[in-house]
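Spelled out, the chains give:
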Amino acid sequence: ASTLGAQAAQSGRYFGAAVAAGRLGDSTYSTILDREFNMVTPENEMKWDTTERSRGSFNFGPADQIANRALSRGQRVRGHTLVWHSQLPGWVSSIGDANTLRSVMNNHITTQMAHYKGKVYAWDVVNEAFADGGSGQHRPSVFQNLLGDGFIEQAFRTARSADPAAKLCYNDYNIENWTDAKTQGVYRMVRDFKSRGVPIDCVGFQAHFGTGGPPASFQTTLSSFAALGVDVQITELDIAQAPTNAYANTVKACMNVPRCTGITVWGIRDTDSWRAGDKPLLFDGSGNKKAAYNATLTAL
Ligand code: XIL
C-alpha cells in the first residue's frame, strides 16, 4: 500500500499520529493526517488541565473537535490520558486528604470515559507512574503520596466500570530496554495485575528515542509484555534526527510481535513536534516525506 495507515492495516495494525486541535485548520497538516493515518491521539486536549480545569467542571470541546473529526473519517481515537502527575491542575495537586483525592480521581475517570463511550477505543488510564533510575518503584505524585501504590489498581478498576468495552492501557517512557529497572518494575505490575484479575489490556511504550533509536532489546521487551496476556503499542514515537535505520528497527520490532497492534508517531511534521529542534518526525516542516517516511513504510 502507498500510505502508512493502509500498509499497517494489511497486518491488522493501525498507524496513528498525535494531533493538536489548533492545527486542524492548517490544510497541509490535515491533508497529511487524513491521507496517512488511521488512528489519532489528542496531543494535549484530553489531559486533566484541559478537561477538568476546576473541580467538577468539564470541558471536552477541544478533544471533541479532534475525536469527532477523526471518527467521521474512519480513524480510531486513543484517549490520552486520565491519571498523570503532569499537566495536572493545581487544585488536584493541592488536595490534602486521601478520601477527597480518591473520589476526585474516580469522578474524573468516570466522567471523561462516559463522555467518550463508543468513541475512544483505548485509554491511557495511567501515564508515567514509575520513577526513572534504578528503584523500579512508583514516582512521587499526589496520587502516590496520598493513595499509595494502590492508586494504579484503583484507577484501572474504576475505568473498567466506566466503559467495559474500552481497552485499558498503562503508558510510560524509558521502558523499552528490557533490563532497565523501570521496565522491570512495570513488568512486575502488569504480571501482578494479570494474576489477581485487575483489569488491564495493554501497555503503551512511548518510544521517545535519541538518534540511536530503540535499544537492541526492544523486541524482547514487547514480546515479554505480550506474553503476560496484554496487547502492546508504540504510542508516542519520535527519534532525534529521524535516522532511517532507527525508524526501521522500531517498526520491525512491532511487526515481529503479533500482539503489537499499532504505532503512533508523536506529531506529523517536524515543526509540529514537542521536540521540534530534534527534527524527529516523518515529514519536514513543509509537509514533504522524509527518508524516514520511506524506511517506515518499507518496514511495515
Ligand atoms: C507533550 C506534548 O507533546 C506537548 O505539547 C506538551 O507541552 C507536553 O506534553 N509524554 C506524554 C505526552 O505522555 O503527553 C507528552 O506530550 C510527551 C511525553
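For every chain, the first residue of the written sequence is number 1, and numbering continues from 1 along that sequence. Residues qualify for local features only when their pLDDT is at least 70, as the model is predicted, and side-chain atom pairs are given and counted only at 80 or more; totals for whole chains, interfaces and linings, by contrast, use all residues. Excluded from the side-chain calculations are hydrogens and water; all other atoms, namely the structure's heavy atoms, are used.

Things to note about the overall build of the chain
Thinking step 1. On a plain count of helices and strands, the chain comes out with 12 helices and 9 strands.
Thinking step 2. Radius of gyration here uses only the C-alpha atoms, and the compact-globule reference equals 2.2 Å multiplied by the residue count raised to the power 0.38. On C-alpha atoms alone, the chain measures out to a radius of gyration of 18 Å, which is about the 19 Å that the 2.2 N^0.38 rule sets for 300 residues.
Thinking step 3. Its C-alpha atoms put the chain at 50 × 40 × 35 Å along the principal axes.
Thinking step 4. Think of it in three bands: with a 1.4 Å probe and only protein chains considered, a residue is buried below 20% of the maximum accessible area for its type, exposed above 50%, and partly exposed in between. By the burial criterion, 59% of the 300 residues in the chain qualify as buried.
Thinking step 5. Contact between two residues is taken to exist if any of their heavy atoms lie within 4.5 Å; hydrogens are not considered. For the chain, the share of sequence-separated contacts (at least 6 apart) that also reach a separation of at least 24 residues comes to 77%.
Thinking step 6. Computed by Shrake-Rupley with a 1.4 Å probe, the accessible areas treat only the displayed protein chains as cover when residues are assessed. Approximately 10900 Å² of the chain is accessible, and the part contributed by carbon and sulfur atoms is 46%.
Thinking step 7. In this tally, Lys and Arg are treated as positive and Asp and Glu as negative; His is ignored, and so are the chain termini. In plain terms, the charge of a residue is placed at NZ if it is Lys, CZ if Arg, CG if Asp and CD if Glu. With 29 positive and 27 negative side-chain charges, the chain shows a spacing of 4 Å between the two charge centroids. Every helix listed is a DSSP run of H or I at least four residues long, and every strand listed is a run of E at least two residues long, numbered separately from the N terminus.

Some details on the environment of Lys 279
Thinking step 1. Tracing the chain through its elements places Lys 279 in the loop between strand 9 (260-265) and helix 12 (291-299).
Thinking step 2. Remark: the alpha-carbon pair of Lys 279 and Thr 261, spanning 18 residues in sequence, is separated by 26 Å.
Thinking step 3. In contact with Lys 279, not counting residues within four places along its chain, are Ile 239, Gln 241, Ala 242, Asp 270 and Lys 290.

Notes on empty space enclosed by the protein
Thinking step 1. Here a cavity means grid points, on a 1 Å grid over the protein atoms only, where a 1.4 Å probe fits yet cannot get out; a pocket means an open set of points with protein on both sides within 12 Å along at least five of seven lines; lining residues are those with an atom within 4 Å of a point. Grid points are joined across faces, edges and corners, and a volume is the space filled by probe spheres set on the points. Inspection of every chain in the model, using the stated rule, returns 2 cavities of 30 Å³ or more.
Thinking step 2. Empty space within the largest cavity amounts to approximately 60 Å³.
Thinking step 3. Taken together, Val 83, Trp 84, His 85, Val 126, Asn 127, Glu 128, Ala 129, Arg 139, Ser 141, Phe 143 and Phe 151 form the lining of the largest cavity.
Thinking step 4. Counted by class, the lining of the largest cavity contains 6 nonpolar, 3 polar and 2 charged residues.
Thinking step 5. Taken as a whole, the second largest cavity encloses approximately 40 Å³ of empty space.
Thinking step 6. What lines the second largest cavity is simply Lys 47, Trp 48, Thr 81, Leu 82, Val 83, Trp 84, Ser 86, Gln 87 and Leu 88. Each residue receives one of three labels: charged for Asp, Glu, Lys and Arg, nonpolar for Ala, Val, Leu, Ile, Met, Phe, Trp, Tyr, Cys and Pro, and polar for the others, Gly being one of them.

A closer look at the pairing of strand 3 (residues 76-83)
Thinking step 1. Counted residue by residue, strand 3 has 7 buried out of 8 residues, so it is predominantly covered.
Thinking step 2. The pairing of strand 2 (residues 39-42) with strand 3 spans 2 bridges and is classified as parallel. Across the sheet, residue Val 40 finds its bridge partner in strand 3, namely Val 77.
Thinking step 3. As defined by bridge partners, strand 3 adjoins strand 4 (residues 120-127) across 5 bridges and the pair is classed as parallel. For His 80, the partnering residue across the bridge sits in strand 4 and is Asp 124. Only strands that DSSP links by at least two bridges are regarded as paired with each other.

Keep in mind that these numbers describe shape and distance, not what the molecule does.
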